[in-house]
Amino acid sequence: VLPPVLSEGFQSHLLQGVHDGPCFFIGAVTIIKHPKQWYQRRVRAEGLSKECKDSALDSQLYCNRAAAQFCIGNYRRATQDCEKALKLNPGYLKAINRAIQCQLKLGKTDEVLEWCERGLTVDANNSELLSIKDTAVKKRMKDQRDERKRNVAERRKRDVERNLLDAIKERKLNIYLPEKEGSRDTRTLESVMACECGKVTLGKDKVLTWPVKLIYPEFQTSDLIKYFREEDCLADHLRV
């Protein structure tokens with residue numbers, strides 16, 4: 001329940017949202033779904049709009065508004081308010097902790113570590129900051145390891161595609177691709193082949209393996225030889 005002093009403001013904002021079009025209507029829906037957060041943001045906005053010479057109070061108001069922004073998922077705006085709070089009060093650990101939580105929500109590990117270092121300059125023995133920093137360091141190491149693995153896998157995949165393309169060009173094979181006529185793009189070739197027959201591969205012995213489809217129209221049926229090495233004879237597969 002909102003305090004009576006803001007009940008009129010709540011209703012007027014709601015009516016404005018309903019009558020002034022889709023953009024304001026979204027705001028009206030937000031007020032209905034999150035009246036507490038709306039009230040918190042309104043109170044803090046009212047406080048910050050006043051000319052106050054108390055930097056400690058303004059810092060607290062910015063930090064509290066950051067908490068309200070955090071509750072509705074505005075993590076970047078919340079971080080900006082934390083920055084404003086820290087400009088007024090550089091040693092305000094609550095604002096630093098709030099900014100760290102925002103960066104955790106955004107998945108920005110490097111920024112989490114930067115904020116942790118910033119907080120540890122204020123309180124070097126803060127157990128919560130030390131724990132978050134340790135977790136973030138481990139996560140960054142894991143992310144870097146995973147990134148290296150992805151890069152290696154992508155590089156190997158590109159090498160395989162390039163070697164396959166070179167082998168096809170070396171054999172002067174004419175390949176018709178419906179999507180790109182006259183193209184020898186192995187990724188396109190793979191997409192065509194993989195739908196039904198499989199895909200062309202190049203073995204370690206530099207021998208191409210093709211999927212071969214045999215069609216028997218008189219019987220309205222077909223057979224698929226998924227791995228037909230270029231050295232094989234058709235009779236060898238038919239005997240099997």
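Residues numbered from 1 in each chain as written. Predicted model: local features only at pLDDT ≥ 70, side-chain atom pairs only at ≥ 80, totals over all residues. Heavy atoms only, no water.

Novice: Account for the confidence of the model for the chain, with residues named and values stated.
Specialist: Here the chain averages 77 in pLDDT, while 68% of its residues score no lower than 70. Across the chain, helix H6 (residues 93-106) holds the top mean pLDDT of 95, while helix H2 (residues 22-33) sits lowest at 41. Note on residues 1-11: pLDDT is under 50 here. Beyond four places in sequence and across chains, it has 14 contacts. For residues 13-33, every residue scores under 50 in pLDDT, and the model assigns this stretch 14 contacts once sequence neighbours within four places are set aside. (pLDDT = per-residue confidence, 0-100. Helix = DSSP H or I, 4+ residues; strand = E, 2+ residues; numbered from the N terminus. Contact = heavy atoms within 4.5 Å.)

Novice: If you had to explain the pattern of salt bridges to someone new, which residues and values would you point to?
Specialist: Close approach of charged atoms allows side chains of opposite charge to pair. One pass over the structure, following the stated rule, counts 12 salt bridges. A salt bridge links Lys133 to Glu117; its shortest N-O distance comes to 2.5 Å. Of this pair, Lys133 sits in helix H8 (residues 127-170) while Glu117 sits in helix H7 (residues 109-122); the two residues are 16 residues apart in sequence, bridging distant segments of the chain. Looking at Lys133, the relative accessible area reads 25%, which means it is partly exposed. (Salt bridge = Lys/Arg side-chain N within 4 Å of Asp/Glu carboxyl O. Buried < 20%, exposed > 50% of the residue type's maximum accessible area, 1.4 Å probe, protein only.)

Novice: Quick rundown of helix H4 (residues 55-71)? Include the residues and the values.
Specialist: With 17 residues, H4 extends 24 Å from end C-alpha to end C-alpha; this agrees with the ideal 24 Å at 1.5 Å per step. Burial of H4 is extensive: 12 of the 17 residues sit out of reach of the surface. Listed as buried for H4 are Asp58, Ser59, Leu61, Tyr62, Cys63, Asn64, Arg65, Ala66, Ala67, Ala68, Gln69 and Phe70. Trailing H4 by a residue or two, Gly73 shows a phi angle of about 85°, which is positive. (Expected span 1.5 Å × (residues − 1).)

Novice: Tell me about the state of the cysteines, and please be specific about residues and values.
Specialist: This model, assessed by the stated rule, comprises 0 disulfides. Cys63 carries a free sulfur, and the closest cysteine sulfur to it, the one in Cys82, is 5.5 Å from it. (Disulfide = S-S within 2.5 Å.)

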